[in-house]
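# Fold and contact review
Letter by letter, the chains look like this.
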Amino acid sequence: SLLVDAQCALPSTWFPKHATQLLEFHLETFKDPLMGTCPGWLQLVIWCELLLQVPFFFAAIYAFIHGCKWIRVPAIMYGVHTCTTLVPILG
């Protein structure tokens, strides 16, 4: 998913050929109007995913494996952020 979504925000030359082919397959098969046009607000959502969510995954994995309690509030914030970014996508 990340390799497909990121193509909306980053140059396609940065991705392996299989990833660009997967995006083409997705667009042809599902006629996805968002990924087909990549509006500015979607690019912003994807940048948030790349800059906030992806790094958070690694911190969360570490914290959950080691039973760190400090992850609780950031995990709630992550969940709220994810829910709010889904509103315009699904709406």
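Residues numbered from 1 in each chain as written. Predicted model: local features only at pLDDT ≥ 70, side-chain atom pairs only at ≥ 80, totals over all residues. Heavy atoms only, no water.

## A short note on the side chain of T20
Inspection of the secondary structure assignment puts T20 in helix α2 (residues 17-30). For T20, a relative accessible area of 18% puts it in the buried group. Only 2.8 Å separates the side chain of T20 from the backbone oxygen of K17, close enough to count as a polar contact. If we skip the residues at most four places from it in the chain, T20 touches Q7, S12 and F15. (Helix = DSSP H or I, 4+ residues; strand = E, 2+ residues; numbered from the N terminus. Buried < 20%, exposed > 50% of the residue type's maximum accessible area, 1.4 Å probe, protein only. Polar contact = N/O pair within 3.5 Å; in protein donor to acceptor, adjacent residues only side chain to side chain. Contact = heavy atoms within 4.5 Å.)

## Some remarks on the environment of Q43
Counting through the fold element by element, Q43 comes out in helix α4 (residues 40-66). For the pair Q43 and H26, spaced 17 residues apart in sequence, the C-alpha to C-alpha distance is 18 Å. Polar contacts involving the side chain of Q43 include one to the main-chain carbonyl oxygen of C38, which spans 2.9 Å.

## Topic: the state of the cysteines
Within the structure shown, the criterion is met by one disulfide. Across the disulfide from C8 sits C38; the S-S distance is 2.2 Å. Placement of C8 in the loop between α1 (2-5) and α2 and of C38 in the loop between α3 (33-37) and α4 is noted, with a sequence separation of 30 residues between them. In this structure C8 comes out as buried when scored by relative accessible area, which is 8%. Classification of C38 as buried rests on a relative accessible area of 17%. Just so you know, C48 is unpaired, no disulfide at all, and the nearest cysteine sulfur is the one on C8, 13 Å from it. Judged by its relative accessible area of 22%, C48 falls in the partly exposed class. (Disulfide = S-S within 2.5 Å.)

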